[in-house]
Each structure stands twice: as C-alpha cells, then as structure tokens.
Amino acid sequence: MSKYFEIRWHGRGGQGTVTGAKSLAEAVQGTGKHVSAFPDYGPERRGAPLRAFDRFSDEKIRIHTPVLEPDVVMIVDPTLIGTKGLLNGVSDKTIFVVNTEKSPAETRKALGLDGQTLYTVPANSISHRLFKREIPNSAMMGAFARACPDVISLEALLEEAKHIFSHMLAPHLVDKNVEAIQCGYDEVETV
Amino acid sequence: MPKTIAITGNGAMAEAMRQINPDVVAAFPITPSTQIIEDFAKFVADGKVDTELITVESEHSAMSACIGASVAGGRVMTATSSNGLALMWEMLYIAASMRQPVLMTVVNRAISAPINIHCDHGDSMGARDAGWIQFYAENNQEAYDNMIMAPVIGENMEVRLPVMVCMDGFIISHSIETMEIEEDQKVRDFIGEHTALNSLLDTDNPVTWGALDLHDYYIEHRRGQQEAMYRAKSVIEDVSMRFGEEFGRKYDLFESYCLDDADRVVVAINSVAGEIKEVIDELREQGEKVGLLKIRLFRPFPYAEIAQALKGCKIVTVMDRSTSMGAYGPLFSEISNALYDAEAKPLLYNRTYGLGGRVMLLDDIKDVFKESEEYLNNGKVEKMFDFLNVRGG
C-alpha cells in the first residue's frame, strides 16, 4: 500500500469542490497528519468539469503530481456520472462517494462499478434544504467521514470544520455548514 | 512554539510578510501571485500590520514605488509573476544598482506568448542578471523560510542588495501543504529592526539618489555590486546557520540528497525536487546509486561548492524549467561553468521540462534516470540538449 492516502474529487466549477478538498485536508491536518490539497487548474469556468486532489500521510508529503490511483473518488456533481475519466486508475479497493438522489444500486450501474465500495449521499437536497442553493461540498465532507472513519471521525471533522469555516464564513454559515456535514454523514446510503 | 498548519504557498508568503511587517508594500495583481497581496491587503485593513499599501497601476510602477520607498528609508516588499516581473525589468536593475534591499516573492509562471498561467522559471531566469539575490524553494515551507531570512541577508551592510524568493506557480502557490509558521515575536527578533540608510527624507543630511554616473565611475559601481554579490554568499551561509539554530530547519547554499556516493545525479530547481527525491528513494532501494543536487541559491551562484559536491559522480543531468533561446538552459550553463575546473569531469547534459506547466509524473522522472543509466553504460551522451515529455519527441 502506498504511504499516501489519496483522494480525487470530480466536480464542476462553482460548487465548492476545490474548497471541499482543501477544507477536508485542513481538517485531517488538525488530527496530526501531513496533508496536501490542490486542484487541477485549467481555465476556471462555472459549470466546467474540474478535479481536485487530497493526499494524507503520516510522513512529510513531497510529491505534487495529480492523483493517478485514488483510494477514494468523490463525485460532487451527479451530472458527471457517465462522463470520461471518473474510473481512471481505480482498483477494487477504491471507495466511491457520490452525490446523487439515486439509489446506490442505480448509481453503481450508472458508473459501471465492479466490486468497489460505494456510498451515495443526496448532497444537493441537503444543500437546498440548508442553503437554498447548490453547494454540496460540506455534505460531501460528512459523507467522506462516514465512508472513511479511519481517516477522520465525524467528531473530529465537526470540531475541525467549526474552526476552519470560522476563518472564511459568517457565524450563521459556519453553523449551517457544520449541520450540512452532519446531514451528509447521516444520510449516506450504501449497498 | 511554531504553529503547524495546512496553508497554500501564497498564504505562507503573506504570513511571512505580515510577520516582517514592512513599512511599504507596492503591488499590482497578477496570477498566480495575486493571493499574496490579497491576503496582505486584508492584514493592512484589519490593522495587523503597520504597512502603507500602495495599489499602483502596473508592475513597473510597483517596483518604482518600492525603490522610492526604500531610498526614503523604509523596509519594502512586493510580489509578482511572469509578465508582471517582465514589466518591472527596467526597475529591477535600478533597485539592485541603487543597492536597495527590496524584498520580492516571484511566483514562477511562464512568460507570454502564447499566454499561459502555469509554472515555469522563464520569468525569474530572465531576471537573473538584474543584480538581485535569487532564492528558489521546493515547497511552501522553504519559500517562507527563505523570505524570513531575506531581509537579514539583503540589509546586511556587506550586501545591501534586493532579494527575490521564487516558488512554483500553482504547484506551490495554490496548493495547501502542511508547514510550520513560527511565532511572530521570534521571527521579528530574528529579523531585527530596520535601519534607514542615507534616507532621502533625512533633510538634515541631504543625499542624492540616482545620480548621473558616466565613464568616470559607472564601472567601479558595477564592480562594487559584483563584490557585494560575492560577499552575499558567506552572509547567506551565516544567516542560514543562525536560522537553523533558531528554528531547527537547516539550509545550505544548495541541498544534497543522497549525493555522497551517487554515480548518477540530477540537478534541479524548485518543486520537481520533491518528485525526484521520491523516485531516488525507490531507486536506492533497488541499489541504484542516484542522487539530487537541488539549487537554493541561484544568484550569487555557488560555483566552487557545487563543483565540490558533484566531485566523484559519473553523470549529471541538469533539468531546466526555462529556455535561453539559442543557448543551453540557464542552470545547465552554470553547472557546466562550475565543473570546468573539476579534475574528473562527469558526463553532463541538459534536459528542458515543464514549460508552461507541463506535468512531470514520477514515471517521467524514472525515465530521466533510465536515460542517464544508458548514457553512463555507453560512456557517452547521445543528446546534449533535449525537451522532456513533448509531442514529437
């Protein structure tokens, strides 16, 4: 097993995917690990597909290359399902966390997965409910904690997130985003 | 206690600027360095620094304002990238020749045309003869550390030169990495108070700056600058040692990684060194004697020390992330110069990579070492100069 735990996020510009990847890294950093997080920069356009990456390790992280063989694939936008590249470099052990209103069985089929572990979360619904708009990233972070509790527990994530969000958001939005993490965690489905 | 945080390279440089708390910052935004000044402007607005922030209309004006504020007696900083640095061109030389210790972060980005926002070193390498001390950094920690050392070095009376701290655009500037930010007070104690020298505002002791200087003195002043550059090397060694004692991170003029017994060495600058180290660890496990010499200080260039460090190796691949059209890469030329007097000269060749942000994967680095193995086995270099990872290559 690689000494790095690697995540690849697939989203669209404007959904907070890069912020999600960076916030998750900051949260994991708070648990004492070394982290790095970075997007795959292209022209930055609202709605255009984009990727972001996380790397976590007990050791200093020296490499800056895009994640080629992800341990986890986070699909932040359901309309990306069926597009190219989502399955690049994945193995049997790769975990998928997908923002979708559809059932895990349907999603598994739509993605063309074999035996990989799949978690679905209706992050758009959660976001609409809490923010009246579509910013699914916090709910996705919660779903990640459900999928990978060994990397970060829900308790640690909530605690770190309060701290991280307080640097970038107004107090009422900090609370809402923390709630979104909790909802994301609670509303995960798997098969 | 230092704070261990996850922060972008740009964020780290803004933190360094906040801790240095310069008298004046004059800047014009350009990708990918923009966030440094955005963050710093927030520090100014929040009253966390005492700095006068001048938002100018171009980079030429930014450097002009920096020079003006510096001759007025202030500690002065700015940041830029790519064409922004190119637009400063005229004023870069003037800052250096007027011996003003202006401090600048250069977030390395390819120069137009075609327009490209991604990393290569064409911008700062183009400014290598401007008279600035040039530091390069593999990651955000090194960039931050170099910047903390920069005022101590530049303002030293043996030196009095501007200092440029370079780091890779996007790869470092926009990536979050775990690093340590030192305590404000410890940093300020390390840097010390700024003292104005021959200030333009000291009306009791009037001085002229930027005077006419023809064939009677110009060459002496240029020689003086060159001598200051030579002296800078030992000042940098001293300051780096003191930094190591104070903060625990040790820096030499360059970094030697697995170099002592290496047969095959790669010489490289900035973030790619991380990938190279990773590959070296893997190849070392397979018994391959490979190593890295990573440049930290490009100006003044530590010729003798590098020649000494490369002594005993059999083949050297110099990786340039910029081009000098019609010539070998800037780093190759210096390494070649450094090795001219070496008793047993290694095989030596030049590879250009990563222009405009072309990614080098770990497998690409492995290919670099594979090629050097072939060359070494054949006892000769097939291609002196080539591009890596290009179409039609």
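Residues numbered from 1 in each chain as written. Chains lettered and ligands numbered in written order. Predicted model: local features only at pLDDT ≥ 70, side-chain atom pairs only at ≥ 80, totals over all residues. Heavy atoms only, no water.

## Quick word on the packing of helix α1 (residues 17–30) of chain A against helix α5 (residues 154–168) of chain A
Residues and elements named next belong to chain A. Look at α1 against α5: their axes get within 9 Å of each other, and the N-to-C directions meet at 125°. In terms of orientation, α1 and α5 fall into the oblique class. The way α1 lies across α5 gives a crossing that is right-handed. Here α1 contributes Thr-19, Ser-23, Leu-24, Glu-26, Ala-27 and Gly-30 to the contact with α5, which in turn contributes Leu-157, Glu-160, Ile-164, Phe-165 and Met-168. A per-class count over the contact of α1 with α5 returns 6 nonpolar, 3 polar and 2 charged. (Axes fitted to C-alpha atoms, helices over the stretch in contact; angles between N-to-C directions. Helix = DSSP H or I, 4+ residues; strand = E, 2+ residues; numbered from the N terminus. Parallel < 35°, antiparallel > 145°, perpendicular 65-115°, else oblique. Left-handed = near helix turned anticlockwise from the far one by under 90°. Contact = heavy atoms within 4.5 Å. Nonpolar A, V, L, I, M, F, W, Y, C, P; charged D, E, K, R; others polar.)

## A short note on the sheet that holds strand β10 (residues 264–269) of chain B
Residues and elements named next belong to chain B. Taken in spatial order, the 6 strands line up as β9-β11-β10-β13-β14-β15 in an open sheet, and their pairing is mixed. Lying at the two open borders of the sheet, with one neighbouring strand each, are β9 (254–257) and β15 (385–387). Within this sheet the neighbouring strands show an average axis-to-axis angle of 20°, counted without direction. Bridge count between β9 and strand β11 (residues 290–295): 4 bridges; the pairing is antiparallel. (Pairing = 2+ DSSP bridges.)

## Points about unusual backbone geometry
All names here are of chain B. With an omega dihedral of 0°, the bond running from Thr-31 to Pro-32 counts as a cis peptide bond. Relative to the helices and strands, Pro-32 resides in the loop between β2 (24–27) and α2 (34–45). Here Arg-299 and Pro-300 are connected by a cis peptide whose omega angle stands at -5°. Phi is positive for Asn-21, close to 50°, though the residue is something other than glycine. Mapped onto the elements of the fold, Asn-21 is located in the loop between α1 (9–20) and β2. A relative accessible area of 21% means that Asn-21 is categorised as partly exposed. Positive phi outside glycine occurs at Arg-99, with the angle close to 55°. (Buried < 20%, exposed > 50% of the residue type's maximum accessible area, 1.4 Å probe, protein only.)

## Some thoughts on the interface of chain B and chain A
Counting from both sides, the interface comprises 26 residues of chain B and, opposite them, 20 residues of chain A. Counting each side, the surface lost to burial between chain B and chain A is near 1,800 Å², with a carbon and sulfur contribution of 55%. The largest per-residue losses of area from chain B upon contact with chain A belong to Ile-176, Thr-178 and Glu-278 of chain B, which jointly make up 31% of the total buried on that side. Scanning the region where chain B abuts chain A turns up 3 salt bridges. As a salt-bridge pair, Glu-278 of chain B and Lys-3 of chain A come within 3.6 Å of each other at their nearest N and O atoms. Across the contact surface, chain B and chain A share 11 residue pairs in polar contact (both at pLDDT 80 or more). The leading source of residues in the side of chain B that touches chain A is helix α10 (residues 272–285) of chain B, at 5 residues. In terms of residue class, the side of chain B that touches chain A is built from 11 nonpolar, 9 polar and 6 charged. Here strand β2 (residues 34–39) of chain A pairs with strand β8 (residues 176–181) of chain B via 2 bridges, running antiparallel. By the bridge assignment for β8 of chain B, Ser-36 of chain A is matched with Glu-177 of chain B. (Buried area = accessible area lost by both parts, 1.4 Å probe. Salt bridge = Lys/Arg side-chain N within 4 Å of Asp/Glu carboxyl O. Polar contact = N/O pair within 3.5 Å; in protein donor to acceptor, adjacent residues only side chain to side chain.)

## Things to note about the domain arrangement of chain B
All names here are of chain B. Looking at the assigned domains, one finds that chain B contains domain 1 (3–195 + 212–247) and domain 2 (255–387). Between the C-alpha centres of domain 1 and domain 2 the distance comes to 27 Å. Contacts between the two partners involve 31 residues from domain 1, matched on the other side by 26 residues from domain 2. Between domain 1 and domain 2 the total buried area reaches about 2,200 Å² when both faces are included, carbon and sulfur atoms providing 53% of it. Among the residues of domain 1 in contact with domain 2, Arg-128, Glu-138 and Lys-233 are the three that bury the most area, contributing 28% of the side total. Along the contact surface separating domain 1 from domain 2 lie 5 salt bridges. (Domains from an automatic or database assignment.)

## Focus on the pairing of strand β6 (residues 117–121) of chain A
Side-chain direction in a regular strand flips from residue to residue, so the side chains alternate between the two faces of the sheet. Residue and element names in this part refer to chain A. Among the 5 residues of β6, 4 are classified as buried, and the element is accordingly described as predominantly covered. Looking at chain direction, strand β5 (residues 95–99) and β6 are connected through 5 bridges and run parallel. Along β6, the bridge assignment pairs Val-97 with Tyr-119. The handedness of the β5 to β6 crossover, carried by helix α2 (residues 104–111), is right-handed. Pairing between β6 and strand β7 (residues 189–190): 2 bridges, direction antiparallel. (Right-handed = clockwise from strand over helix to strand, strands pointing away.)

## Comments concerning helix α13 (residues 362–378) of chain B
All names here are of chain B. Here α13 spans 25 Å end to end across 17 residues, near enough to the 24 Å set by a 1.5 Å rise per residue. Taken together, the buried positions of α13 are Asp-364, Ile-365, Val-368, Phe-369, Ser-372 and Tyr-375. Along the long axis of α13, the arc covered by the buried residues comes to 145°, so they all point the same way. The outward face of α13, more than 90 degrees from its buried face, is lined by the exposed residues Asn-377 and Asn-378. Residues of α13 that are buried make contact with β10, α10, β11, β13 (315–320) and β14 (347–352). Within two residues after α13, Gly-379 carries a phi angle of roughly 75°, on the positive side. (Expected span 1.5 Å × (residues − 1). Arc of directions from axis to C-beta.)

## What about the pattern of salt bridges?
Residues and elements named next belong to chain A. The full count for this structure, using the stated rule, is 35 salt bridges over all chains. Residues Asp-77 and Arg-12 are paired through a salt bridge, measuring 3.7 Å at the closest nitrogen-oxygen approach. In this pair, Asp-77 sits in the loop between β4 (72–75) and β5 while Arg-12 sits in strand β1 (residues 5–12), placing the two residues 65 residues apart along the sequence. Each member of the pair, Asp-77 as well as Arg-12, is classed as buried.

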